[in-house]
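Below are the chains, spelled out letter by letter.
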Amino acid sequence: MDDQQIHPQSYWRWSKEDFFPEESFRDWSTYRYALSHTYSRFKDRLLSRSEDSDEIEKLKKQSENEMKRCLNWWDLMWFGFGAVIGAGIFVLTGQEAHDNAGSAIVLSYVASGFSAMLSVFCYTEFAIEIPVAGGSFAYLRVELGDFAAFITAGNILLECILGGAAVARSWTSYFTSLLNREPNSLRIHTNLREGYNLLDPIAVCVLAIAAIIAVSSTRNTSKLNWIASAINTIVILFVIIAGFMHADTSNMKPFAPYGPEGVFRAAAIVYFAYGGFDTIATMAEETKNPSRDIPLGLLGSMSIITIIYCLMALSLSMMQKYTDIDPNAAYSVAFEKVGMKWAKYLVALGALKGMTTVLLVGALGQARYITHIARAHMIPPWFALVHPKTKTPINATLLITICSACIAFFSSLDVLASLLSISTLFVFMMMAVAIIIRRYYVKGVTPNSSLLKLVGFLVIIIGSSIGTSACWGLDPSGWVGYTVTVPLWFFGTLGISLMLTQQRTPKVWGVPLVPWIPALSIATNLFLMGSLEYMAFIRFGICTVIMLIYYVLFGLHATYDMAHHQYEKEPNVIDEDSVGKP
């Protein structure tokens, strides 16, 4: 028997075949041939859709080793707390209350929390039906096809990298507060452009430590997250109770000094505070009973987190007038001002623990996104490999950590938060579209006439939602535009509800009130996107152009070869149970 078949290849390998194994990249002549057929290949990938079984079974073989099923609903619940509660609530609350919403920041959290819960419903159904590490990337490959999945994958990568960088920068700010120093005192001051001139080596170190813990063991990381999140929960309860004990309702006047537009502008930014819940969906491959554990973990944690955020925002705005709130370390400074100087250090410590768990759980979930994206060959399959001993994707974790560290070293939080929010909102909007398509379209079953109606109604829903957002952006106090866009959204959704029959019924748990809840999720996500400043869209556009260039030069051809079996992964190891058997 061939010795190579008995013994697996080393995990740490760097050959061309591990990064570019596809036929299109065999040599320069095959690459030129691939580029000359870009149009036909793009048309093929634009119209292609994956199958549930391919995502669940076939692509997992690209990782060579399977991840270990070791998580239950309790783990996922705490992962939800660890992934979400961190820099968003402790940093962005003060920043947005001071700059945009005033005391109405609590309404910003209500609006963004409502939108997030709509997305949670969509994620939960998909995670039960397609329990793989790829999360939204895998779901969109099945429902919207390769190209839509790639655009989403690019934004997921952007979200992962920027999210880690933003939290790491915030970690440094609160660490300086704990040491009773100025927020930027531990950063290196340079003459670079504003927003990129404060270098942050501490953020890089924190990211590296979180990554090392995450790759060691999923189960051990979960236990560490329990402990840290429990301590953080105690601090949060203290912040809420002590905040209301020192409340002064006069601090809430005027309630919304920047008007409704300020409230929704802040809502679009603080949406970042809810980001991370999609990480739970990526843990489905390591969950013992996804159909039971994911709904309990995802819906349970997000419901409690939404209430916590609103109470924390309210306590802050009642302790201090919005003009006096410190944008960098709002809660610590607020307690210091009301005479609880010792509480400043407790809050800073709690915030640090919260941000540490966000980085820790983020390193887990983000790496699993990358793993599945690499399994589909959107990026080199070397990043899909799972280590045989730790059962974790070390290569994917390294990719995210190194990229996040480079950005965290240079960029300030305000630059990162707006770009991160727009990427997150875009992905969640796409997920809502995908859930409608999943319910109303099944390949080979749905008549073409019904498909055309579905596409037409979706265009109306998306177009009217964009129109509503545009009306708000151009004239928040106007009402004429809404008399057109809102009824269009309603009749588009009603059309799907009355004129089309659902083609698929969820096996265990599904989004209620389809198509109304997904359609409302589309509208709220696009509305919040429209509330962001124009610079966020410019940065988003630049990143999208870079993604498309990469897709045309590499991703398109790699996935085409993968789909058309011009690349087949040879097994590296025979199942130990089969050795010696005929």
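Residues numbered from 1 in each chain as written. Predicted model: local features only at pLDDT ≥ 70, side-chain atom pairs only at ≥ 80, totals over all residues. Heavy atoms only, no water.

The name that an unreviewed UniProt entry assigns to the protein chain is Cationic amino acid transporter C-terminal domain-containing protein, with the source organism given as Lactuca virosa. Here is the UniProt Sequence similarities (unreviewed entry) comment for the protein chain, exactly as written: "Belongs to the amino acid-polyamine-organocation (APC) superfamily. Cationic amino acid transporter (CAT) (TC 2.A.3.3) family." UniProt annotates the protein chain under Subcellular location (unreviewed entry) with the comment "Membrane". (UniProt positions renumbered as here; feature names shortened; annotations may be inferred.)

Q: Would you take a moment to explain the overall build of the protein chain for this structure?
A: When helices and strands are counted, the protein chain shows 23 helices and two strands. The C-alpha radius of gyration computed for the protein chain amounts to 24 Å, which stays within 12% of the reference 25 Å derived for 582 residues, consistent with globular compactness. Expressed along its principal axes, the backbone C-alpha trace of the protein chain runs to roughly 80 × 55 × 50 Å. Taken across its 582 residues, the protein chain has 59% of its residues classed as buried. Counting contacts in the protein chain only where the partners sit at least 6 residues apart, residues at least 24 apart contribute 85% of the total. Each charge class in the protein chain can be summarised by its mean position, and for the 42 positive and 44 negative side chains these summaries are 2 Å apart. (Helix = DSSP H or I, 4+ residues; strand = E, 2+ residues; numbered from the N terminus. Rg over C-alpha atoms; globule rule 2.2 N^0.38 Å. Buried < 20%, exposed > 50% of the residue type's maximum accessible area, 1.4 Å probe, protein only. Contact = heavy atoms within 4.5 Å. Lys, Arg positive; Asp, Glu negative; His and termini not counted. Charge placed at Lys NZ, Arg CZ, Asp CG, Glu CD.)

Q: Would you mind showing me how to read the packing of aromatic side chains here?
A: In this description, an aromatic ring pair is defined by two values, namely the gap between the centres and the angle between the planes. For the coordinates displayed, the defined rule picks out 35 aromatic pairs. Ring centres of Trp74 and Trp78 lie 5.8 Å apart, and the angle between their planes is 75°; this geometry places the pair in the edge-to-face category. Of this pair, Trp74 and Trp78 both sit in helix α6 (residues 73-84), four residues apart, which is roughly one turn of the helix. You can call Trp74 partly exposed: its relative accessible area is 38%. Residue class for Trp78 comes out buried when judged on its relative accessible area of 15%. (Phe/Tyr/Trp six-rings, centres within 6.5 Å; stacked < 30°, edge-to-face > 60°.)

Q: I keep staring at helix α21 (residues 482-499) and nothing clicks. Help me out?
A: Given 3.6 residues per helical turn, the α-helix brings residues three or four places apart onto the same face. Over its 18 residues, α21 extends 25 Å from the first C-alpha to the last, a length consistent with the 26 Å expected when each residue adds 1.5 Å. Buried residues of α21: Tyr482, Thr485, Trp489, Gly492, Thr493, Gly495 and Ile496, and no others. (Expected span 1.5 Å × (residues − 1).)

Q: Even after reading the chapter, I still don't get the UniProt feature "domain: Cationic amino acid transporter C-terminal" (unreviewed entry) in the protein chain, so can you show me in this structure?
A: Sequence positions flagged by UniProt for "domain: Cationic amino acid transporter C-terminal" (unreviewed entry) are, in local numbering, residues 509-558. The span residues 509-558 shows a helical share of 80% and a strand share of 0%, and its end C-alpha atoms are spaced 35 Å apart.

Q: Would you take a moment to explain the pattern of salt bridges for this structure?
A: Oppositely charged side chains can pair when the atoms bearing their charge come close. Evaluated as defined, the whole model comprises 19 salt bridges. Residue Asp18 is joined to Arg13 by a salt bridge in which the shortest nitrogen-to-oxygen separation is 2.8 Å. Relative accessible area serves as the criterion here: at 10%, Arg13 is assigned to the buried category. Between Arg219 and Asp75 there is a salt bridge, and its shortest N-O distance comes to 2.9 Å. Of this pair, Arg219 sits in helix α12 (residues 218-245) while Asp75 sits in helix α6; the two residues are 144 residues apart in sequence, bridging distant segments of the chain. Judged by relative accessible area, Arg219 falls into the partly exposed class, the value being 26%. (Salt bridge = Lys/Arg side-chain N within 4 Å of Asp/Glu carboxyl O.)

Q: I keep staring at the confidence of the model for the protein chain and nothing clicks. Help me out?
A: Predicted coordinates in regions of low pLDDT should not be interpreted in detail. For the protein chain, per-residue confidence averages 84 on the pLDDT scale, and 93% of positions sit at 70 or higher. In this model, residues 1-7 is a region of pLDDT below 50 whose contacts with residues beyond four sequence positions or in other chains number nine contacts. In the model, residues 570-582 has pLDDT below 50 throughout and makes 13 contacts with residues more than four positions away in sequence or in other chains. (pLDDT = per-residue confidence, 0-100.)

Q: Just to check I follow, could you spell out the environment of Met378 for this structure?
A: Summarising the element assignment, Met378 is placed in the loop between α17 (341-375) and α18 (394-410). Taking C-alpha positions, Met378 is 14 Å from Ser136, a pair spaced 242 residues apart along the chain. If we ignore the near neighbours within four places in the chain, the residues touching Met378 are Phe137, Asp146, Phe150, Ile373, Tyr550, Phe554, Gly555 and Thr559.

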